[in-house]
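If you want the building blocks of each chain, they are given just below.
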2 protein chains.
Amino acid sequence: MSRFVGVDWGTTNRRAYLIEDGAVIAGERDGTGILSVATGDFACEAAALRARFNGAPMLLAGMVGSNKGWVDAGYVACPATAEALATALVRPVDGVAIVPGVSRVVDGRGDVMRGEEVQLLGAVVAGLAPADALLCQPGTHAKWARMTGGAIAEFATAMTGEMFALLQKHALIGAAMTGDVVDGDAYRQGVADAGDDDLLRRLFGVRAASVLGLRDDADAAAYVSGLLIGTDVRARLRDDAADVYLLADEALGALYAAAIEMTGGRALRVDSQAAFVAGINHLWDLAR
Amino acid sequence: MSRFVGVDWGTTNRRAYLIEDGAVIAGERDGTGILSVATGDFACEAAALRARFNGAPMLLAGMVGSNKGWVDAGYVACPATAEALATALVRPVDGVAIVPGVSRVVDGRGDVMRGEEVQLLGAVVAGLAPADALLCQPGTHAKWARMTGGAIAEFATAMTGEMFALLQKHALIGAAMTGDVVDGDAYRQGVADAGDDDLLRRLFGVRAASVLGLRDDADAAAYVSGLLIGTDVRARLRDDAADVYLLADEALGALYAAAIEMTGGRALRVDSQAAFVAGINHLWDLAR
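Residues numbered from 1 in each chain as written. Chains lettered and ligands numbered in written order. Predicted model: local features only at pLDDT ≥ 70, side-chain atom pairs only at ≥ 80, totals over all residues. Heavy atoms only, no water.

Asks: Please explain the packing of aromatic side chains as it appears in this structure.
Replies: Geometry of an aromatic ring pair is reported as the spacing of the ring centres plus the angle between the planes. Residues and elements named next belong to chain A. Under the criterion given, the structure shown has 8 aromatic pairs over all chains. Ring plane angle 10° and centroid distance 4.5 Å describe the contact between Phe-4 and Trp-284, whose orientation is recorded as stacked. Of this pair, Phe-4 sits in strand E1 (residues 3–9) while Trp-284 sits in helix H9 (residues 272–287), placing them 280 residues apart in sequence. Of the two residues, Phe-4 and Trp-284, neither departs from the other in class, the shared state being buried. (Phe/Tyr/Trp six-rings, centres within 6.5 Å; stacked < 30°, edge-to-face > 60°. Helix = DSSP H or I, 4+ residues; strand = E, 2+ residues; numbered from the N terminus. Buried < 20%, exposed > 50% of the residue type's maximum accessible area, 1.4 Å probe, protein only.)

Asks: Honestly, the relation of the copies chain A and chain B in this entry has me stumped. Any pointers?
Replies: The operation linking the two copies of the chain is a rotation about an axis combined with a translation along the axis. Note on the copies: chain A fits chain B at an RMSD of 0.0 Å, the axial shift is 0.0 Å, and the rotation between them is 180°. Seen this way, the second copy is the image of the first under a two-fold rotation axis. A symmetric contact is evident, with 98% of the interface residues of chain A recurring at the interface of chain B. (Least-squares fit on C-alpha atoms with pLDDT ≥ 70 in both. Contact = heavy atoms within 4.5 Å.)

Asks: What's the story with the domain arrangement of chain A in this structure? I'm lost.
Replies: Interfaces are often sized by the amount of accessible area the parts lose when they come together. Taken domain by domain, chain A holds domain 1 (3–126) and domain 2 (160–270). For domain 1 of chain A and domain 2 of chain A, the distance between their C-alpha centroids amounts to 31 Å. (Domains from an automatic or database assignment.)

Asks: Would you take a moment to explain the interface of chain A and chain B for this structure?
Replies: Contact with chain A, which involves 48 residues of that partner, is made by 48 residues of chain B. Counting the surface lost from both chain A and chain B, the interface buries some 3900 Å², and carbon and sulfur atoms represent 64% of this. When the buried surface of chain A facing chain B is broken down by residue, A:Arg109, A:Leu200 and A:Phe204 rank first, second and third, together holding 19% of it. Among the salt bridges present, the one from B:Asp198 reaches A:Arg236, with a minimum N-O distance of 2.6 Å. Taken together, chain A and chain B are joined by 13 residue pairs in polar contact (both at pLDDT 80 or more). Counting residues per element, the side of chain A that touches chain B draws most heavily on helix H6 (residues 199–212) of chain A, at 10 residues. Grouping the constituent residues of the side of chain A that touches chain B by class yields 23 nonpolar, 10 polar and 15 charged. (Buried area = accessible area lost by both parts, 1.4 Å probe. Salt bridge = Lys/Arg side-chain N within 4 Å of Asp/Glu carboxyl O. Polar contact = N/O pair within 3.5 Å; in protein donor to acceptor, adjacent residues only side chain to side chain. Nonpolar A, V, L, I, M, F, W, Y, C, P; charged D, E, K, R; others polar.)

Asks: Any chance you could explain the sheet that holds strand E8 (residues 101–106) of chain B here in plain terms?
Replies: Strands pair in a sheet through their backbones, by hydrogen bonds, and they do so in one of two ways: parallel or antiparallel. Residue and element names in this part refer to chain B. One open sheet accounts for 3 strands, arranged E5-E8-E9; its pairing is mixed. The open sheet has two edge strands with one neighbour each: strand E5 (75–77) and strand E9 (109–113). On average, each strand axis in the sheet is inclined to that of its neighbour by 30°, with strand direction left out of account. Note: E8 against E9, 5 bridges, orientation antiparallel. Across the sheet, Ser-103 pairs through a bridge with Val-112, a residue of E9. (Pairing = 2+ DSSP bridges. Axes fitted to C-alpha atoms, helices over the stretch in contact; angles between N-to-C directions.)

Asks: Would you take a moment to explain a negative patch on the surface for this structure?
Replies: Residues A:Asp185, A:Asp216, A:Asp217 and A:Asp219 make up a contiguous surface patch of negative charge. Relative to the helices and strands, A:Asp185 is located in helix H5 (residues 185–193). (Patch = residues over 30% accessible without salt bridge, like charges linked within 9 Å, V, L, I, M, F, W, Y side chains within 5 Å. Areas by Shrake-Rupley, 256 points an atom, 1.4 Å probe, with all protein chains shown as cover. Lys, Arg positive; Asp, Glu negative; His and termini not counted. Charge placed at Lys NZ, Arg CZ, Asp CG, Glu CD.)

Asks: What am I meant to see in the environment of B:Phe164 here?
Replies: All names here are of chain B. Position of Phe-164 among the secondary structure elements: in helix H4 (residues 160–170). Residue class for Phe-164 comes out buried when judged on its relative accessible area of 16%. Through-space distance from the C-alpha of Phe-164 to that of Gly-65 is 27 Å; in sequence the pair is 99 residues apart. Beyond its immediate sequence surroundings of up to four residues, Phe-164 is in contact with Met-177, Val-181, Ala-221, Val-224, Ser-225 and Leu-228.

Here it is as C-alpha cells:
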C-alpha cells in the first residue's frame, strides 16, 4: 500500500492531500503559505502538518522549495520529465521530500516555474490532457507549457495577473478600475485591442476614454483585463492557434477561454486540483 | 510692442517666461504645479505670479487647464492648428488666458494631450522641426505627434514612463531595479528584446534572470527601461522608420535616441524649452 501526504505549498496558501494508492482520502487547506512562516520555522510547521496526518511521509511542491521557503530545491532543466524531477527531490528531513522547480534557458534568456510542474505532468498522467499539448495556468505569473511525450518540453511565463494588480492599485488609470471583471463587451473590446501589439498606448487610452467620456468607468477594469489577457494569449498563439488545455479556476478560466477562442484557438478546461493529485502521486510512485 | 507672460503650468512644476516681441527677457521656475495649489486658490496664485511680472497679461498652458486645475479649458480636436487653439482660449479672469488641450478620437478610441501642444506647434514655428514631421516627447505619458502643414494631424500617447515607475516601486521585479538607467549593453538588450512584442513575458524574464543568475541585478533597471522604451518606439515606427524630432531632456533623450536608431529611425534633438517659448508666443500673437 502506498500512503503519503502530497502538499501544494505556495506563497499564500497551502493545500494538503492524504493519498492512499492514488486516491485522496483526506485533506486540508489553509492560508499557511510560505509568507506566513518565519525562516527557521518550516521544519516545525511541516512536523505539525505531518502529525495531523498520523506521521505519514510527505511530498511537498511549490514555493516551499524556493530560496524564500524551507530549502531551495533547485531546478530541473527543460525538457523536464517526471522521472527527472523524482530523481532530483530534495529531502530536508527524514520522511519529507520537496519537488524541484523547472527552468528553461534559451539564448541567455531564462524562465522558471515552481509548483506548476506537478499539475502539468499530472494532467497528462491522469489523461486530462494529451502527452503532446499546450497547457496554460493563468494567474499572477501565467504559465504556458508545451508538453512533448508527457514531458515539459518548453514553457513561457507572462506577468499578466501581477500587471493587472499593479495597474489597479497604483496606476493613474487604477482609480477607474473598480468594476467587475467579467466576460462581456468591455472585456472583449480589450482582447480585440490587444491585437495591435501596442499595450502601453492602449493602457493610456483608458485614461483618455475616461476624460473624453468614451467608456463608462465601470467597464475600465474589464477592458484592462481583456487587454492584458489578450496580449498574453496572442503572444502565445501567434505562430500556432492551437488547442489550449486550461488549468484554472472558474472565473479566470472563463476569461482566458474567451480570449483563446477570439484568437482562433480552442480552450479545453482541466481540473487543476485533480491534475495536482495525479502529478504528486506519480512523482511519489517514481521516487519510492 | 508685444509683452506677456507665457506659463508652462504642469502637474508638479511651473515655468514662467516674460516674453517681449518674441524674446524671453525674464523668467522663473518653481515647484508650484497644480497638485500644490488648492482648488479655489488658482486665481490668487495666478495673480501673485502676474504681480511679480508687473501685471503683464498671461497666457497659461498645461494641466492648469485640466479638470484638476484652475478651469477646464477643454480640447481642440485633431487636426489641431495654432489658429484653432488661439480661437479656443479660455479666459478665467481679465488679462489671463488658458490654452486648451488637443484630443483625437478614431473608431471610438481616444487620446488626449494638454501642454504638449504648445511645444509641438512651437517646434515647427521656430523652424526646429519641419512642418511635416514626427515629433516625440518622452516622459510619464510619452507623446508622439505627426505634424502635417504645421498642424497636429494625429498623435499617440504611451504610458511608458509611468509603467517604469510602477514596476520599479511596486512589482516583484522592482526590488532588483535599483541600478542606473543608462544607454549601455543592458539597455540595448532590452530594446532588442522588445522586438518580439511580448512585453508581459519579457518582464517576468527579469525575475527569472535574477533567480538563474543570467543577469546582474545592477543591470535590471536599464534592461526594463530598454524593454519599455523599445516597445514604445517600435510600436510607433512599425510602419515607417522615420526621422523623429525629440523634445526631451538630455538623459531621457539619449535613451530614446538610441532606441530610435536601433529601430531604423533617425533621432534629431530639439530644444523643448525654445519650442515652448516659440509656441506660446505664436499663440499670443494669433490671439491678440
